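Close look at the chain arrangement
The primary structure of each chain is shown beneath.
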Amino acid sequence: MEDEESYIKIFETFTWKITEFTLLKNVAKVYSEAFVLGGYPWMIILYPSRNFLNIFFKAVQMKADHISEDWYRDVKFKLTLVNQLDPNKTITREYKNKFSASYRSRRYSFMPIDELYDPEKGFVLNDECIVEVELFVRESKLENQVNQAASLARHTNVEVLTNDLEVSWEEFKKYRTDLTWLEPHVQSALEIKNYVDKALRLEKWKENEAAVEFETEKLKTKLIGKS
């Protein structure tokens, strides 16, 4: 009991609000942005067009030159599909999983798709669906923790944007007569790209500042030595 209470105190939460949700009925899958919980990057993938609503929770691997294949994250987490009419009908599932190079993502089934889109059920309100994840990392191995800016700067531009644009292109080929569903994907990609560009510029500025300080100290040392 005491162990469970310690988990609750340090759970971290990410809330994903999916707007214009009904426009995604013909979209195979929808990706959240990359986000950091417990010091590690994650992603939610929603399948809104099949007979049953499936939610995938994915461990995002940072791009690095040397990543051990033996890395893993042992986590306790909750996935929640928010009921916006009656909080008592909100669906929350709790899991304990070990994510690794062999098992980067897990699929979790929630409810029949017809019930999800039923306006009287309350899971889609004002054309918005809300999914939340609460997470605590119990143990990890052979991975370094990251911050939010570093995560998006080093990972999102090579995987998240690729995924978003890949989904958009595949759906464009099938439903090119109606492009209204495409806007959320394009907008998401553009917003993430802007954030990534800013994060990269900030990191570059910090690197330049450190280099200038280093050279300044070297110059001071030489001047003092000559005097």
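Cut-offs applied
Residues numbered from 1 in each chain as written. Predicted model: local features only at pLDDT ≥ 70, side-chain atom pairs only at ≥ 80, totals over all residues. Heavy atoms only, no water. Helix = DSSP H or I, 4+ residues; strand = E, 2+ residues; numbered from the N terminus. Contact = heavy atoms within 4.5 Å. Areas by Shrake-Rupley, 256 points an atom, 1.4 Å probe, with all protein chains shown as cover. Core = buried A, V, L, I, M, F, W, Y, C linked by side-chain atoms within 4.5 Å. Buried < 20%, exposed > 50% of the residue type's maximum accessible area, 1.4 Å probe, protein only. Phe/Tyr/Trp six-rings, centres within 6.5 Å; stacked < 30°, edge-to-face > 60°. Lys NZ or Arg CZ within 6 Å of the ring centre and 35° of its normal. Salt bridge = Lys/Arg side-chain N within 4 Å of Asp/Glu carboxyl O.

A few words now on the overall build of the chain. Assigned secondary structure in the chain consists of five helices and 10 strands. When contacts within the chain are restricted to residue pairs at least 6 apart in sequence, those whose partners lie at least 24 apart make up 69%. Accessible area for the chain stands at about 13,500 Å²; split by element, carbon and sulfur atoms hold 50% of it.

What follows concerns the environment of Val 124. Its location among the elements puts Val 124 in strand 9 (residues 124–125). Val 124 sits 103 residues away from Phe 21 along the chain, and the two C-alpha atoms are 7.6 Å apart. Those residues in contact with Val 124 that lie beyond four places of it in its chain are Phe 21, Gln 84, Leu 116 and Cys 129.

The next point concerns the nonpolar core. Ranked by size, the top nonpolar core spans 39 residues in total, and within it Trp 42, Phe 57, Phe 77, Leu 81 and Leu 116 carry the most contacts. Top contributing element to this core by residue count: strand 10 (residues 128–141), with five residues. With six residues, the next largest nonpolar core counts Tyr 31, Met 43, Ile 45 and Phe 56 among its residues.

A few words on the packing of aromatic side chains. As enumerated under the stated definition, the model contains 11 aromatic pairs in all. When the centroid spacing of 3.8 Å and the interplanar angle of 5° are considered together, the rings of Phe 14 and Phe 35 count as stacked. Here Phe 14, found in strand 1 (residues 12–19), pairs with Phe 35, found in strand 3 (residues 35–37); they are 21 residues apart in sequence, far enough to count as distant. Phe 14 gets classed as buried once you look at its relative accessible area, which sits at 12%. Relative to Tyr 95, the ring of Phe 77 has its centre 5.4 Å away and its plane inclined at 35°; by these criteria the two rings are tilted. Placement of Phe 77 in strand 6 (residues 72–81) and of Tyr 95 in strand 7 (residues 91–100) is noted, with a sequence separation of 18 residues between them. Among the aromatic residues, ring-to-ring pairing joins Trp 42, Phe 57, Phe 77, Tyr 95, Phe 99 and Tyr 108 into one connected group. Cation over ring: Lys 25 sits above Tyr 117, and NZ or CZ is 4.8 Å from the ring centre. In this arrangement the basic side chain of Arg 73 is found over the ring face of Trp 42, its NZ or CZ atom lying 4.7 Å from the centre.

Among the secondary structure elements, Ile 91 is positioned in strand 7. In this structure Ile 91 comes out as buried when scored by relative accessible area, which is 17%. For the pair Ile 91 and Leu 79, spaced 12 residues apart in the sequence, the C-alpha separation amounts to 8.2 Å. With sequence-adjacent residues up to four places away left out, Ile 91 is seen in contact with Leu 79, Thr 80, Leu 81, Phe 110, Met 111 and Phe 123.

Counting across every chain of the model gives three salt bridges. Arg 73 is the salt-bridge partner of Glu 143, the closest N and O atoms lying 2.7 Å from each other. Here Arg 73 lies in strand 6 and Glu 143 lies in the loop between strand 10 and helix 3 (148–156), a separation of 70 residues in the sequence. Each member of the pair Glu 143 and Arg 73 is classed as buried. The residue Lys 76 makes a salt bridge to Glu 94 at a minimum N-O spacing of 3.8 Å. Of the two residues, Lys 76 is situated in strand 6 and Glu 94 in strand 7; the sequence distance between them amounts to 18 residues. Classification of Lys 76 as buried rests on a relative accessible area of 7%.

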